[in-house]
Amino acid sequence: AQSVTQPDIHITVSEGASLELRCNYSYGATPYLFWYVQSPGQGLQLLLKYFSGDTLVQGIKGFEAEFKRSQSSFNLRKPSVHWSDAAEYFCATYNYGQNFVFGPGTRLSVLP
Amino acid sequence: DAGVIQSPRHEVTEMGQEVTLRCKPISGHNSLFWYRQTMMRGLELLIYFNNNVPIDDSGMPEDRFSAKMPNASFSTLKIQPSEPRDSAVYFCATAVGGISPLHFGNGTRLTVT
């Protein structure tokens with residue numbers, strides 16, 4: 001079965017610093033990949049998605065992610081973090097057999 | 001569009017009581033998913049519907065849980081009888097279908113005492 005791992009449970013960065021959240025997936029074929037963000041008391045909101053084509057995808061709120069097939073990774077990046085980015089971030093994949101599979105999430109804290 | 005609407009936002013009930021969670025999907029979305037989120041288990045898919053028909057309910061923990069989608073604009077998740085271990089945040093999410101991204105509601109936080 002397909003799985004998604006997010007190695008970092010909790011990351012703390014200073015405001016203005018760069019950010020990279022890691023995501024690895026296990027799937028033989030090219031996966032459909034997503035990043036979602038969840039603020040406290042809210043549902044998950046789509047940041048960006050990758051289906052095919054350019055392996056660097058741009059999303060909302062200044063986020064981007066890069067698909068690397070050789071590393072089975074889809075890491076999320078932001079060049080300069082804002083305090084409002086503090087939230088939980090989920091990587092997810094989709095395949096027709098299992099539907100959507102979510103990673104365990106990475107909690108991001110931002111220091112002033 | 002108002003997005004996916006869930007009600008109630010919070011529910012506190014006593015063990016043994018029946019609980020009904022409600023979801024109004026985004027108009028035009030023909031896939032609907034119920035998820036449960038806990039600290040211990042993360043996001044778990046309970047059941048999903050396609051065109052109002054239940055497709056996969058293998059995630060429903062036990063017979064105490066049931067879900068219905070009587071029409072394209074409404075779905076319910078019922079727990080009867082409820083137990084303390086059912087305490088969690090329950091999310092409804094909808095999609096146009098296929099690999100289109102999920103749109104989540106703001107969830108129902110259920111506490112069973």
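Quick caveat, the model's predicted, so the values are computed rather than measured.

Chemist: How should the side chain of Thr94 of chain B be read in this particular structure?
Modeler: All names here are of chain B. Here Thr94 lies in strand β9 (residues 88–95). Judged by its relative accessible area of 0%, Thr94 falls in the buried class. A polar atom in the side chain of Thr94 sits 2.8 Å from the side chain of His29.

Chemist: Before we go on, may I ask you to explain the layout of surface pockets in this structure?
Modeler: The method is simple in principle: a probe with the dimensions of a water molecule rolls over the atoms, and the space it marks as empty is what remains. A volume near 730 Å³ is recorded for the largest pocket. Mapped by element, the contributors of at least two residues to the lining of the largest pocket are β10 (87–95) of chain A together with β4 (31–38), β9 and β11 (108–112) of chain B. When residues in the lining of the largest pocket are grouped by element, the largest group, three residues, is from β10 of chain A. Of the residues assigned to the lining of the largest pocket, the class counts are nine nonpolar, 13 polar and five charged.

Chemist: Would you take a moment to explain the state of the cysteines for this structure?
Modeler: Covalently bonding the sulfur atom of one cysteine to the sulfur atom of another cysteine gives a disulfide. One pass over the structure, following the stated rule, counts two disulfides over all chains. Here Cys23 of chain A pairs with Cys91 of chain A through a disulfide, and the sulfurs are 1.9 Å apart. Classification of the bridge connecting Cys23 of chain A and Cys91 of chain A rests on its S-S torsion, roughly -65°, and on that basis the disulfide is left-handed. Here the residue Cys23 of chain A occupies a position in the loop between β3 (19–21) and β4 (24–26), and Cys91 of chain A occupies one in strand β10, the gap between them amounting to 68 residues. For the pair formed by Cys23 of chain A and Cys91 of chain A, the shared burial category is buried. Bridging Cys23 of chain B to Cys92 of chain B, the disulfide has an S-S length of 1.9 Å. Because the torsion about its S-S bond is -65°, the bridge between Cys23 of chain B and Cys92 of chain B counts as left-handed.

Chemist: Quick question: what am I supposed to make of the nonpolar core here?
Modeler: Side chains of a nonpolar character, in soluble globular proteins, are inclined to be buried together. Judged by nonpolar contacts, the single largest core of 26 residues is most densely connected at Leu19, Trp35, Leu47, Leu48, Phe74, Leu76 and Tyr89 of chain A. Elements represented by at least two residues in this core include exactly β2 (10–14), β3, β5 (32–38), β6 (44–50), β8 (64–68), β9 (73–78), β10 and β12 (106–111) of chain A. With near-sequence residues (within four places) excluded, Tyr89 of chain A lies in contact with Gln6, Leu21, Trp35, Tyr36, Val37, Leu47, Phe63, Leu76, Gly105, Thr106 and Leu108 of chain A. Counting 21 residues, the second-largest nonpolar core is a separate cluster that includes Trp34, Ala88, Tyr90 and Val112 of chain B.

About the criteria used
Residues numbered from 1 in each chain as written. Chains lettered and ligands numbered in written order. Predicted model: local features only at pLDDT ≥ 70, side-chain atom pairs only at ≥ 80, totals over all residues. Heavy atoms only, no water. Helix = DSSP H or I, 4+ residues; strand = E, 2+ residues; numbered from the N terminus. Buried < 20%, exposed > 50% of the residue type's maximum accessible area, 1.4 Å probe, protein only. Polar contact = N/O pair within 3.5 Å; in protein donor to acceptor, adjacent residues only side chain to side chain. 1 Å grid on protein atoms, 1.4 Å probe; cavity = no way out; pocket = protein on both sides within 12 Å on 5 of 7 lines; lining within 4 Å. Points joined across faces, edges and corners; volume = space filled by probe spheres on them. Nonpolar A, V, L, I, M, F, W, Y, C, P; charged D, E, K, R; others polar. Disulfide = S-S within 2.5 Å. Core = buried A, V, L, I, M, F, W, Y, C linked by side-chain atoms within 4.5 Å. Contact = heavy atoms within 4.5 Å.

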